[in-house]
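Residue strings, one per chain:
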Amino acid sequence: MKRSALRATCLLSTLPDGSGRQILTAPLAGDETPRTVRVRIELGKGIAEAVIAGGALAGEAITRQNDELDAIAVSMDAFRLSLSAALAESLAAGLPPPSELTEISFACGFGILRPRSMTAADWLVEIDPGGDIAGLSDTRLEALLARGRHWPRKHPMTGTWSEGTSVYADVVGGVSEAEDVWRGFWSLVEARRDRWTMLMLGAAHVLKAGESGDWREFAATGAALLRGRALSSVPFMGHVFDATSAAWRAERSWRRTNAHESAGG
């Protein structure tokens with residue numbers, strides 16, 4: 001095959017966005033036409049898309065990764081694990097691997113890509129094999145968790161982390177006091193703590209692979225959730241509440257404006 005000589009020149013990954021979606025890209029050398037690997041993975045669904053883009057699309061993929069999505073250059077092992085874990089999720093959901101996945105795997109230097117199922121506990125062990133996070137003092141742990149308040153500024157992708165507006169609407173529809181909205185919101189979101197733990201640890205995985213010391217903050221937060229810490233007591237989750245509330249209010253305002261215009265007001 002003509003593409004058999006293609007080889008990745010670097011490997012890039014975004015942090016997961018609020019829906020649990022990550023984009024993995026790798027510019028390829030070995031062909032006169034610029035080519036780029038682009039893989040979209042989704043938490044709980046696995047590999048949603050895996051293609052080798054050519055020409056202008058190849059350049060656009062990398063530009064968007066760098067300029068819009070704050071992609072991070074990661075190691076081969078980390079990139080492969082992200083793909084292997086996503087492949088395992090796809091297979092568990094009964095979805096066949098994308099047709100270009102084998103070619104992508106060889107181009108990235110992995111050879112045959114094998115699925116690897118990863119729970120949140122597995123991710124924590126992978127990220128922190130020495131158990132340093134588990135051994136933190138309470139004071140040090142709280143200091144790391146407190147830094148979560150700054151994630152949206154330091155890591156813009158986390159600014160997209162929120163819950164669906166339908167969750168907030170269900171709460172608002174059944175209470176009258178602001179304090180009750182807060183309690184009601186978290187009573188519903190607690191059922192999704194596994195998802196939030198996976199988001200935290202997925203981000204920690206990418207950051208550590210990209211040699212950012214901030215991985216410890218995300219890993220510590222994920223570890224705290226694994227140990228049963230209430231979501232509402234995690235500093236970063238205040239952003240999640242505020243972002244969800246703001247999205248619900250914006251959606252309600254948009255609906256009211258459209259209804260007014262439709263009525264000819």
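The paragraphs below set out a description of the structure included in this document. (Residues numbered from 1 in each chain as written. Predicted model: local features only at pLDDT ≥ 70, side-chain atom pairs only at ≥ 80, totals over all residues. Heavy atoms only, no water.)

Let's shift gears to the overall build of the protein. Looking only at helices and strands, the protein features eleven helices and six strands. On C-alpha atoms alone, the protein measures out to a radius of gyration of 21 Å, which is about the 18 Å that the 2.2 N^0.38 rule sets for 265 residues. Looking at the protein as a whole, 45% of its 265 residues are labelled buried. Summed over its atoms, the accessible surface of the protein is roughly 13000 Å², and 52% of this surface lies on carbon and sulfur atoms. Taking the average location of the 29 positive side-chain charges in the protein and that of its 32 negative ones, the two points are 1 Å from each other. (Helix = DSSP H or I, 4+ residues; strand = E, 2+ residues; numbered from the N terminus. Rg over C-alpha atoms; globule rule 2.2 N^0.38 Å. Buried < 20%, exposed > 50% of the residue type's maximum accessible area, 1.4 Å probe, protein only. Areas by Shrake-Rupley, 256 points an atom, 1.4 Å probe, with all protein chains shown as cover. Lys, Arg positive; Asp, Glu negative; His and termini not counted. Charge placed at Lys NZ, Arg CZ, Asp CG, Glu CD.)

If you check helix 8 (residues 178–189), its first and last C-alpha atoms are 17 Å apart, about what twelve residues at 1.5 Å a residue would give, namely 16 Å. Within helix 8, burial applies to Val-181, Gly-184, Phe-185, Trp-186 and Val-189. (Expected span 1.5 Å × (residues − 1).)

Attention now goes to the pairing of strand 3 (residues 21–29). Consecutive side chains of a regular strand alternate in pointing toward one face of the sheet and then the other. The buried count for strand 3 comes to seven of nine residues, which makes it a mostly enclosed element. Strand direction decides the pairing type here: strand 1 (residues 7–8) and strand 3, joined by two bridges, are antiparallel. Paired with Arg-7 across the strands is Ala-29, a residue of strand 3. Relative to strand 3, strand 2 (residues 12–13) runs antiparallel, the two sharing two bridges. Along strand 3, the bridge assignment pairs Ser-13 with Leu-24. (Pairing = 2+ DSSP bridges.)

Formed by 70 residues in total, the largest nonpolar core has its most connected members in Val-39, Phe-185, Trp-196 and Met-237. When residues of this core are assigned to their parent elements, the largest contribution, ten residues, is made by helix 9 (residues 193–209). (Core = buried A, V, L, I, M, F, W, Y, C linked by side-chain atoms within 4.5 Å.)

Take the packing of aromatic side chains next. Summed over all chains, the structure comprises 13 aromatic pairs. Measuring from centroid to centroid gives 3.7 Å for Trp-151 and Phe-218, while their planes differ by 10°, and the two rings are stacked. Taken together, the positions of Trp-151 in helix 6 (residues 151–154) and Phe-218 in helix 10 (residues 215–226) put the pair 67 residues apart, joining distant regions of the chain. In this structure, Trp-151 and Phe-218 share a single accessibility class: buried. (Phe/Tyr/Trp six-rings, centres within 6.5 Å; stacked < 30°, edge-to-face > 60°.)

As a packed pair, helix 9 and helix 10 sit with axes 8 Å apart at the nearest point and diverge in direction by 155°. Considered as vectors, helix 9 and helix 10 are oriented roughly antiparallel to each other. Helix 9 and helix 10 meet at a crossing whose hand is left-handed. Contacts from Arg-193, Trp-196, Thr-197, Met-200, Leu-201, Ala-203, Ala-204, Leu-207 and Lys-208 in helix 9 reach Trp-215, Phe-218, Ala-219, Thr-221, Gly-222, Leu-225 and Leu-226 in helix 10. Its residues placed into classes, the contact of helix 9 with helix 10 shows eleven nonpolar, three polar and two charged. (Axes fitted to C-alpha atoms, helices over the stretch in contact; angles between N-to-C directions. Parallel < 35°, antiparallel > 145°, perpendicular 65-115°, else oblique. Left-handed = near helix turned anticlockwise from the far one by under 90°. Contact = heavy atoms within 4.5 Å. Nonpolar A, V, L, I, M, F, W, Y, C, P; charged D, E, K, R; others polar.)

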